[in-house]
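An overview of the molecular structure
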Amino acid sequence: MGIREGLLALLANGPKHGYQLKVDFDAATGEAWSLNVGQVYTTLQRLERDGLVDAGPADDEGRISYNLTAAGREDLRTWFETPVNRSVANRDEVSIKLLVSIAAGIADPQGIIDRQRRATMTELQDLTGLRGDTPATDFAWQLHLDRLSLQAEAELRWLDRVEQRLATAAPQSPLQPTPGPPVATVPQEGSR
Amino acid sequence: MNHDAPLTPVLSMRRVGRTHGSGAQRVDAVVDIDLDVHAGELVAVMGRSGSGKTTLLNLAGGLDEPTTGTVQVSGDHLGDMSKTGLAALRRRSVGYVFQQFNLLPALTAGENVTLPLELDGTDLRSARAMADIALEEVGLAGKARRYPDELSGGEQQRVAIARGLVGPRSLLLADEPTGALDEITSEGILRLLRGRCDAGAAALLVTHEPAYAAWADRVVRLRDGRIETVSQRSAVPPSLAEVLS
Ligand SMILES: Nc1ncnc2c1ncn2[C@@H]1O[C@H](COP(=O)(O)OP(=O)(O)OP(=O)(O)O)[C@@H](O)[C@H]1O
Ligand SMILES: [Mg+2]
């Protein structure tokens, strides 16, 4: 998920021991996803097992420095040259909520849109406030806040789109129970 | 939020409605609007085309009269004011940036900006000094002597913004003020508006862009002339660390 390669990258300019890697990773990423030292050592052990780093001898204080191997350098090069695939795991809870509300006819999709829009707008307002307060020198944080803001913005635009589609779409009839394998009966509100 | 902000809102609208035409032609442009904007507050107004945003702004600035309800600016009922009183209030306290820029073609950019100040009795020299500052704030220093038809669309829009923001104004009303501007210039304008509010003005900003609306303390959404939802900036804003956790 990027931590492995992130550590490899931080070794590219020379050997470092585990704690130094933790400090450097945190600094590079604006401490957005602060690593714990244990995580760093576990990752280094796996990298060593896979032949991507070499462990050097311990220094006076018993700290072990790690070196990038040729295979590690190759692995890192491939990582930088390969775009990240975002098409996996793009299931989205808001989409599911909206679609099942329409399919089951049990909740007003417009209400779901309105509430989600309010929450996401508040999030975007908060992010914008943080952006205003973040010094331009804090590059890592500017970059994180830009990404989160644009994601919130995209969701707001998408909600507008959904609203328009709902307004123009043919009225949806709730899914009828399908005959087939028995399912647990869901208690109905009231009865007709 | 400013703790010693005066309790009287700069803008107060109560059950405001505006109907155009009658019978089959009847359009309820805005309906039953309750809205207060205090000094220091920036409120964004969003909503689909035709949802009543411009109508709301016109009513807030006294450019249009409500069919029902009342509008107060700094405690004064606009409905009770004489035409001249209303005109004076509009020149003195209200800054308006129109959706169509409404620049006077026979006047230079600088003259367009100084006009409201001069009409209000500011001496020419101070008016010019204030106009220079306003033009500089919108990135048009040095273009004061150009006529509107010698400026690009985005530059004309920025002259209109300078004219709306020039001098001390307690209520700023901006109707899609960044429509003709690129993203970076727009963000500069938003910062300017935000800065005016942080310095004590109250503002209503109409925009279609979520990213620009997000500069506001509150975002009001209109649907068919009614206020439908309001999103508020969190009372306790999250920390940088919290937003990524
Ligand atoms: N003078 C008028 N006579 C009749 N109807 C009007 C008049 N002015 C506005 N309307 C109607 O009132 C409604 C609200 O118009 P308004 O200009 O406030 O919309 P808006 O939200 O500003 O739209 P846009 O985003 O397109 O600028 C619309 O249905 C419009 O057609
Ligand atoms: Mg309009």
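Every value quoted in this text rests on a predicted model; they were computed, and no experiment measured them. (Residues numbered from 1 in each chain as written. Chains lettered and ligands numbered in written order. Predicted model: local features only at pLDDT ≥ 70, side-chain atom pairs only at ≥ 80, totals over all residues. Heavy atoms only, no water.)

Before going further, it helps to examine the coordination of the magnesium ion (ligand 2). Protein coordination at the magnesium ion (ligand 2) comes from Thr54(B) (OG1) and Gln99(B) (OE1), with a distance range of 1.9 to 2.4 Å. Note that Thr54(B) is positioned in helix α1 (residues 53-60) and Gln99(B) in the loop between β6 (94-97) and α3 (109-119), a separation of 45 residues in sequence. (Donors = N, O, S within 2.8 Å, 3.2 Å for Na, K, Ca; no water. Helix = DSSP H or I, 4+ residues; strand = E, 2+ residues; numbered from the N terminus.)

What follows deals with the nonpolar core. One finds Met121(A), Leu42(B), Val113(B) and Val159(B) to be the most contacted residues of the largest nonpolar core, which totals 44 residues. For Val159(B), the contacting residues outside a window of four places in its chain are Leu103(B), Ala109(B), Asn112(B), Val113(B), Leu135(B), Leu140(B) and Leu151(B). Residues Val16(B), Ala39(B), Leu57(B) and Val71(B) belong to the second largest nonpolar core, which totals 29 residues. (Core = buried A, V, L, I, M, F, W, Y, C linked by side-chain atoms within 4.5 Å. Buried < 20%, exposed > 50% of the residue type's maximum accessible area, 1.4 Å probe, protein only. Contact = heavy atoms within 4.5 Å.)

What follows deals with the sheet that holds strand β3 (residues 42-46) of chain B. Residue and element names in this part refer to chain B. Taken in spatial order, the 6 strands line up as β6-β7-β8-β3-β9-β10 in an open sheet, and their pairing is mixed. Pairing within the sheet leaves two strands with one partner each, and these edge strands are β6 and β10 (226-232). Each neighbouring strand pair of the sheet contributes to a mean axis angle of 15 degrees, computed without reference to strand direction. Where β3 meets strand β8 (residues 202-206), 4 bridges bridge the pair, whose relative direction is parallel. Across the sheet, the residue bridging to valine 43 is leucine 204, located in β8. Across the face of the sheet, helix α5 (residues 153-165) comes into contact with β6 and β7 (171-175) while running at roughly 170 degrees to β6. (Pairing = 2+ DSSP bridges. Axes fitted to C-alpha atoms, helices over the stretch in contact; angles between N-to-C directions.)

All names here are of chain A. In terms of domain boundaries, chain A breaks down into domain 1 (3-81) and domain 2 (93-168). With 5 residues of domain 1 at the interface, the matching set in domain 2 holds 4 residues. The largest share of the area that domain 1 buries against domain 2 comes from Gly30, Ala32 and Trp33, three residues that together contribute 77% of it. Joining domain 1 to domain 2, the criterion identifies 0 salt bridges. Each residue belonging to the side of domain 1 that touches domain 2 can be placed in one class, and the counts come to 3 nonpolar, 2 polar and no charged. (Domains from an automatic or database assignment. Buried area = accessible area lost by both parts, 1.4 Å probe. Salt bridge = Lys/Arg side-chain N within 4 Å of Asp/Glu carboxyl O. Nonpolar A, V, L, I, M, F, W, Y, C, P; charged D, E, K, R; others polar.)

Attention shifts here to the site of ligand 1. All names here are of chain B. Near ligand 1 lie 13 residues; those nearest to it are Ser49, Gly50, Lys53, Thr54 and Thr55. In the environment of ligand 1, a nitrogen atom lies 3.4 Å from a nitrogen or oxygen atom belonging to the side chain of histidine 20. With respect to ligand 1, the backbone of glycine 52 contributes an N or O atom lying 3.0 Å from an oxygen atom. Protein contact buries 60% of the 640 Å² of open area that ligand 1 shows by itself. If you tally residues by element for the shell around ligand 1, the top one is α1, at 3 residues. Class assignment for the residues of the shell around ligand 1 results in 2 nonpolar, 9 polar and 2 charged. (Near = heavy atom within 4 Å. Polar contact = N/O pair within 3.5 Å; in protein donor to acceptor, adjacent residues only side chain to side chain. Areas by Shrake-Rupley, 256 points an atom, 1.4 Å probe, with all protein chains shown as cover.)

Positive phi is not limited to glycine here, since Glu31(A) has a value of about 55 degrees. With respect to the helices and strands, the residue Glu31(A) is situated in the loop between α2 (18-28) and α3 (37-49). In this structure Glu31(A) comes out as exposed when scored by relative accessible area, which is 53%. A positive phi angle is found at Arg15(B), which is not glycine, with a value near 45 degrees. For Arg15(B), the position within the fold is in strand β1 (residues 11-20). Classification of Arg15(B) by relative accessible area gives exposed; the value is 53%.

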